[in-house]
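Results of the structural survey
As a plain string of letters, each chain reads:
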Amino acid sequence: ELLERILVAFREEARDAHLIFAPLPTYHYIEYDLAPDYEPVFKRAAQATGGIYVHLLPSFKRLTPEQRRATRFRFDQHYTALGHRVVAEALVPYVLALRDEMARQSGF
């Protein structure tokens, strides 16, 4: 509940910015079959703020188990270059769609 309030309050601070909520799944979700319990909070926040929710976990799950493990460092849960590439490729369609929508609205 607190996280959702923080995310919704962020909308007030962001003013007219277009929001994309794309929570970064940790290795627990990427490497194991844990349900993404964080998802409902971010979906509700996106809906409450007019933002876009992007579920990144399916992009990681398409990788082989070995590739999934390679998305983080050996002794550290931060993403490797591969992990960042997965996130970037998953976000590209949403960012491009938002760019196109903004261009249409501004008449370009």
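It should be emphasised that the depicted structure is a prediction, and the values quoted were computed from it without experimental measurement. (Residues numbered from 1 in each chain as written. Predicted model: local features only at pLDDT ≥ 70, side-chain atom pairs only at ≥ 80, totals over all residues. Heavy atoms only, no water.)

1. Comments concerning helix α3 (residues 39-49)
By the burial criterion, the buried members of α3 are E39, V41, F42, A45, A46 and T49. Mapping the buried residues of α3 onto a view down its axis gives an arc of 165°, with all of them on the same face. In α3, the exposed residues that point more than 90 degrees away from the buried face are Q47 and A48. Residues of α3 that are buried make contact with α1 (2-14), β1 (20-21) and β2 (52-53). (Buried < 20%, exposed > 50% of the residue type's maximum accessible area, 1.4 Å probe, protein only. Helix = DSSP H or I, 4+ residues; strand = E, 2+ residues; numbered from the N terminus. Arc of directions from axis to C-beta. Contact = heavy atoms within 4.5 Å.)

2. Here we look at the confidence of the model for the protein chain
Low-pLDDT portions of the prediction should not be read for the details of their coordinates. Scored by pLDDT, the protein chain has a mean of 92; 99% of the residues are at 70 or more. Confidence, expressed as mean pLDDT per element, reaches its minimum in the protein chain at α1 with 82 and its maximum at helix α4 (residues 57-61) with 98. (pLDDT = per-residue confidence, 0-100.)

3. Points about the nonpolar core
Within the largest apolar cluster, 21 residues are counted, with the highest numbers of intra-cluster contacts made by L7, F21, Y38, F42, Y53, L56 and F60. Here the element with the most residues in this core is α3; it accounts for four residues. (Core = buried A, V, L, I, M, F, W, Y, C linked by side-chain atoms within 4.5 Å.)

4. Here we look at α1
The terminal C-alpha atoms of α1, which comprises 13 residues, lie 18 Å apart, in line with the 18 Å expected from a rise of 1.5 Å per residue. Restricting attention to buried positions, one finds in α1 the residues E4, L7, R11 and A14. Looking down the long axis of α1, one finds its buried residues gathered within 85° of arc, a one-sided arrangement. Structural note: α1 exposes L2, R5, E12 and E13 on the side pointing more than 90 degrees away from its buried face. Contact partners of the buried residues in α1: β1 and α3. Two residues or fewer after α1 comes R15, characterised by a positive phi angle close to 55°. (Expected span 1.5 Å × (residues − 1).)

5. A short note on the side chain of R68
In this fold, R68 is placed in helix α5 (residues 65-69). Buried and unpaired, R68 has no salt bridge, with D33 as the nearest side chain of opposite charge at 5.0 Å. In this structure the side chain of R68 is engaged in a polar contact, spanning 3.2 Å, whose partner is the backbone oxygen of L63. Setting aside its immediate chain neighbours within four residues, R68 contacts I30, E31, F60, K61 and L63. (Lys, Arg positive; Asp, Glu negative; His and termini not counted. Salt bridge = Lys/Arg side-chain N within 4 Å of Asp/Glu carboxyl O. Polar contact = N/O pair within 3.5 Å; in protein donor to acceptor, adjacent residues only side chain to side chain.)

6. What about the pattern of salt bridges?
According to the stated counting rule, one finds six salt bridges in the structure shown. Taking the shortest distance from any N to any O, the salt bridge between R44 and E4 comes out at 2.9 Å. With R44 in helix α3 and E4 in helix α1, this residue pair connects regions lying 40 residues apart in the sequence. Owing to a relative accessible area of 40%, R44 belongs among the partly exposed residues under this scheme.

7. Re the packing of α1 against α3
Across the interface, α1 lies against α3 with an axial gap of 9 Å and an inter-helix angle of 30°. Viewed along their axes, α1 and α3 adopt a mutual orientation that is roughly parallel. By crossing handedness, the relation of α1 to α3 is classed as right-handed. Across from L3, E4, L7, V8 and R11 in α1, the residues of α3 making contact are V41, F42, R44, A45, A48 and T49. (Axes fitted to C-alpha atoms, helices over the stretch in contact; angles between N-to-C directions. Parallel < 35°, antiparallel > 145°, perpendicular 65-115°, else oblique. Left-handed = near helix turned anticlockwise from the far one by under 90°.)

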